[in-house]
Amino acid sequence: MGLIKLFDPAEETDRPAQADGTPARGTARLDEQVYLFDDRTVLAVNVALASGRPLLVLGPPGSGKSALAPNVARLMRLRYYAEVVTARTEPHDLLWREEAFRQLNDATRGTLGDAGSRAYFRPGPLWKALDPAMDEEGVPALRDRPAVVLIDEIDKADPDVPDALLDPLNNLRFVGPDRRTVTAAEGTAAPLVVITSNEERELSTAFLRRCILLRLRPPGREHLLKVARLHMGDDYDEALTLELADMFDNESVATRPAASTAEFLDTLRACRQMDLTADSPEWRAVAGLAMVKGSPDPSSSI
């Protein structure tokens, strides 16, 4: 008996457009609606779904970490919430954010309401995922669907932020702003939580043990070509893409910072916007500015 996939990009892509406006296969798609899933990534998503554990995605900037979650949500027709973590992110910000200025104004006017009043907080992505009723702007067609939550760049936060997520993620509950315990709404499935890290700060052992770990590998030449075909559509230039892919491979083993998939695509787009082809000598200078980093004189080195 083969592996039963809870998530299969091939099958999901073949489904027709839904009431939430998701386009059918073959129609024009934006960049955030394009993702090349390899077998290892598909397996990691399925393990996270089956185990109920968060999926921790590691890799350098521009490797596609942040694009994974919205594309899983898009293909599976799930609710989607995202939070980009910064150095100022507090542990409870992923659950709710306090409306401090409103509280201060009401206190000054003598109209301060009860502690925990809905007027004094905004539900965060994890709270919305656990209780669709807290999402007042959600897509009605997806209200009864499970959720995908992206917690982007968790390594930007203080170490207590990821550790504070352990109990909510383990037990699907947390203490709300009114000090009462909030649990998942009845009938609401556990969300798929995707957490990304550039590995700029070490995460605790306890947090790592809680997660399914996916480390994105450096893209190879064939992967880049497939990504370019998906993103460029009718504007795809095979000869130019091959030249850029060869340069990408050469630069990835150099001492300067390796180029990312995003930089590769940006270079290809820039060349096509300027009507450059593989026969145009100028494409090398464009690549030297957009894709090759660390050279004092890109035109002389490429």
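Going by the structure above, here's the rest.
Bear in mind that the values here come from a model prediction, so they are computed numbers and not experimental data.

1. A look at the pattern of salt bridges
By the definition in use, this model includes 11 salt bridges. Measuring nitrogen to oxygen at the nearest pair gives 3.3 Å for the salt bridge that ties Glu-153 to Lys-156. When its relative accessible area of 26% is taken as the criterion, Lys-156 is described as partly exposed. When the shortest N-O distance is used, the salt bridge between Arg-221 and Glu-222 registers 3.7 Å. A residue is classified by how much of its surface remains accessible, and Glu-222, at 49% relative accessible area, is partly exposed.

2. Details of a nonpolar patch on the surface
Together, Leu-3, Leu-43 and Val-47 make up a nonpolar patch on the protein surface, roughly 270 Å² of accessible area in all. The exposure class assigned to Leu-3 is exposed, which follows from its relative accessible area of 60%.

3. Comments concerning the environment of Glu-199
Considering the arrangement of structural elements, one finds Glu-199 in the loop between strand 8 (192–197) and helix 8 (205–210). When the C-alpha atoms of Glu-199 and Lys-156 are compared, they prove to be 9.1 Å apart, with 43 residues separating the residues in sequence. Ignoring anything within four residues of it in the chain, the contact list for Glu-199 reads Leu-58, Gly-59, Asp-155 and Arg-215. Side chain to side chain, Glu-199 and Arg-215 meet in a polar contact 2.6 Å long.

4. Re the sheet that holds strand 8
An order of 2-5-8-1-9 is seen for the five strands of this open sheet, with the pairing classed as parallel. What marks the edges here is a single partner per strand, and that holds for strand 2 (79–84) and strand 9 (212–215). Here the average twist between neighbouring strands, direction ignored, is 20 degrees. Bridge analysis of strand 2 against strand 5 (residues 147–152) gives six bridges, and the strand direction is parallel. Residue pairing across strands places Glu-83 opposite Ile-151, the latter belonging to strand 5. Helix-sheet contacts for helix 2 (residues 39–51) involve strand 1 (55–58), strand 8 and strand 9, and the interaxial angle to strand 9 is about 165 degrees.

5. Details of the side chain of Glu-83
With respect to the helices and strands, Glu-83 occurs in strand 2. One polar contact links Glu-83 to Arg-97, side chain to side chain, over a distance of 2.4 Å. Excluding residues that lie within four positions of it along the chain, Glu-83 makes contacts with Leu-94, Arg-97, Pro-125, Leu-150, Ile-151 and Asp-152.

6. Quick notes on the packing of aromatic side chains
Remark: the centre distance and the inter-plane angle together describe each pair of aromatic rings, the angle taken between the planes. In total, this model carries six aromatic pairs according to the counting rule given. Geometrically, the ring pair formed by Phe-7 and Phe-37 is edge-to-face, given 5.2 Å between the ring centres and 65 degrees between the ring planes. Here Phe-37 lies in the loop between helix 1 (9–13) and helix 2 and Phe-7 lies in the segment before helix 1, a separation of 30 residues in the sequence. For the pair formed by Phe-7 and Phe-37, the shared burial category is buried.

Thresholds applied
Residues numbered from 1 in each chain as written. Predicted model: local features only at pLDDT ≥ 70, side-chain atom pairs only at ≥ 80, totals over all residues. Heavy atoms only, no water. Salt bridge = Lys/Arg side-chain N within 4 Å of Asp/Glu carboxyl O. Buried < 20%, exposed > 50% of the residue type's maximum accessible area, 1.4 Å probe, protein only. Patch = residues over 30% accessible without salt bridge, like charges linked within 9 Å, V, L, I, M, F, W, Y side chains within 5 Å. Areas by Shrake-Rupley, 256 points an atom, 1.4 Å probe, with all protein chains shown as cover. Helix = DSSP H or I, 4+ residues; strand = E, 2+ residues; numbered from the N terminus. Contact = heavy atoms within 4.5 Å. Polar contact = N/O pair within 3.5 Å; in protein donor to acceptor, adjacent residues only side chain to side chain. Pairing = 2+ DSSP bridges. Axes fitted to C-alpha atoms, helices over the stretch in contact; angles between N-to-C directions. Phe/Tyr/Trp six-rings, centres within 6.5 Å; stacked < 30°, edge-to-face > 60°.

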